[in-house]
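Survey of secondary and tertiary structure
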Amino acid sequence: MSGGHLEDLLRDLAPQVLGLLVRRHGQFDAAEDAVQEALLAAAVQWPQQGVPDNPRAWLLTVATRRLTDEWRSERARRNREAALAAREPAYATVAPAVDEQPPAGDDTLALLFLCCHPALARSAQVALTLRAVGGLTTAQIARAYLVPEATMSQRIRRAKQRIEAAGARFTMPAPGDRDERLRAVLQVLYLIFNEGYTASSGPDLHRADLTTEAIRLARLVHRLLPGDGEVTGLLALMLLTDAHRAARTGPAGELVPLAEQDRDRWDHAAIGEGTALVTEALTWSPPGPYQLQAAIAAVHAEAPSAGRTDWRQILALYRLLARTAPSPMVTLNQAVAVAMVDGPRAGLALLAPLDDDDRTAGHHRLAAVRAHLLELAGEPGRARAAYLAAARGTTSLPEQRYLELRAARLTGTDRSRQLREPR
């Protein structure tokens, strides 16, 4: 088995084994550590010895033994021989039956809900989901988010301790809480995808490991909840967005904006799958935020060229999205659509209130959109200043270089305009 296929297998099995272990013994923190050790052992042994006939049972056996060893060691350190003897039968069966089939689907969904517990900050939910459900090591997660491994290890450890302190149980949420918890799960997957698609900092525009993992987890949730329109919409949105990835960078890794991308390099299979998913979902599900964003992405994907984009349809979808789930970022994107339909001045007017919103005031994306619309409006001087402000505000090096290049291109335009104007 190739390294890539082995990694995929281990990531598929990780939440199944962890779910069964937590279901049997509780103690999410200790169980998750034991599963990580079992995954590491498999990654070392299987390439040399071959994948066992029942890899899930193998992982469960190893993880259970590691968990039992940890309990025994802890009891020994606390000098509780009598308590150990009394409790030993509860952990006597360390090897599961070879043909045991744990309820993978239910356990994985319950595990996702547990990792997205409301007691956790969003950053902790993301880290814990990537480790417990995604099967990534702490080192991999730390590299993806450009933080030291020790920092990420502490973040994950505190998240698990907070879950246990909150008295969280490994069960599906009550019906009244399920929708809210599902929204948290979808937002966590959306954040993972966005960080991979446009890295918030560092030298690379993409982190394909994160987008790939987000899509894999979204497929998993969609397989478990095929009748949820927003789950379907999120998967469609990820597929349609990630389809642009190969065309978003040039030979030197520079950012290529949507209007200038070579559309032959788009992943048309992903576009077809994403479009089919959102089109079908909108026939039976009330349109939610992820479905509407996916529908907008589908309109962009279906345009044979940037100049033939159906901006009126996109604007109508953004107006519906603004009513369904208003946010500054929705307004920011809507302003571009307004500019393409009603002119850049109309788009700039829509941006004005965002200067007084704490969530967007000073944000580099607001400055970048304003710069683009000012450029369209024929104001190169103000556009250049806005591009430079946006460049100063981002920690993504490809974005920074792109914005500085846009500003540099306008320098000559602004000077020639000044020479033409009467004194």
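These notes cover the structure that comes with them. (Residues numbered from 1 in each chain as written. Predicted model: local features only at pLDDT ≥ 70, side-chain atom pairs only at ≥ 80, totals over all residues. Heavy atoms only, no water.)

A tally of regular secondary structure across the protein chain gives 19 helices and two strands. Here the protein chain, with 423 residues, has 50% of them falling under the buried criterion. (Helix = DSSP H or I, 4+ residues; strand = E, 2+ residues; numbered from the N terminus. Buried < 20%, exposed > 50% of the residue type's maximum accessible area, 1.4 Å probe, protein only.)

This part covers the packing of helix 17 (residues 364–376) against helix 18 (residues 380–393). Viewed as axis vectors pointing N to C, helix 17 and helix 18 meet at an angle of 160°, and their least axial separation amounts to 8 Å. Relative to helix 18, the element helix 17 is oriented roughly antiparallel. Every pair of crossing elements has a handedness; the one defined by helix 17 and helix 18 is left-handed. Across from H364, A367, A368, A371, H372, L374 and E375 in helix 17, the residues of helix 18 making contact are R382, A383, A386, Y387, A389, A390 and G393. For the contact of helix 17 with helix 18, a count of residues per class yields nine nonpolar, three polar and two charged. (Axes fitted to C-alpha atoms, helices over the stretch in contact; angles between N-to-C directions. Parallel < 35°, antiparallel > 145°, perpendicular 65-115°, else oblique. Left-handed = near helix turned anticlockwise from the far one by under 90°. Contact = heavy atoms within 4.5 Å. Nonpolar A, V, L, I, M, F, W, Y, C, P; charged D, E, K, R; others polar.)

Turning our attention to the side chain of D29. On the secondary structure map, D29 appears in helix 2 (residues 28–49). At 3.2 Å, the side chain of D29 forms a polar contact with the side chain of K160. Look past the residues within four positions of D29 in its chain and what remains in contact with it is R157, K160, Q161 and E164. (Polar contact = N/O pair within 3.5 Å; in protein donor to acceptor, adjacent residues only side chain to side chain.)

For the coordinates displayed, the defined rule picks out three aromatic pairs. With a centroid separation of 5.2 Å and an interplanar angle of 70°, the aromatic rings of W46 and W58 are classed as edge-to-face. Of this pair, W46 sits in helix 2 while W58 sits in helix 3 (residues 55–77), and the two are twelve residues apart along the sequence. Relative to Y197, the ring of F193 has its centre 5.8 Å away and its plane inclined at 10°; by these criteria the two rings are stacked. Linking F193 with Y197, this pair stays in helix 9 (residues 175–197), spanning four residues, or about one helical turn. (Phe/Tyr/Trp six-rings, centres within 6.5 Å; stacked < 30°, edge-to-face > 60°.)

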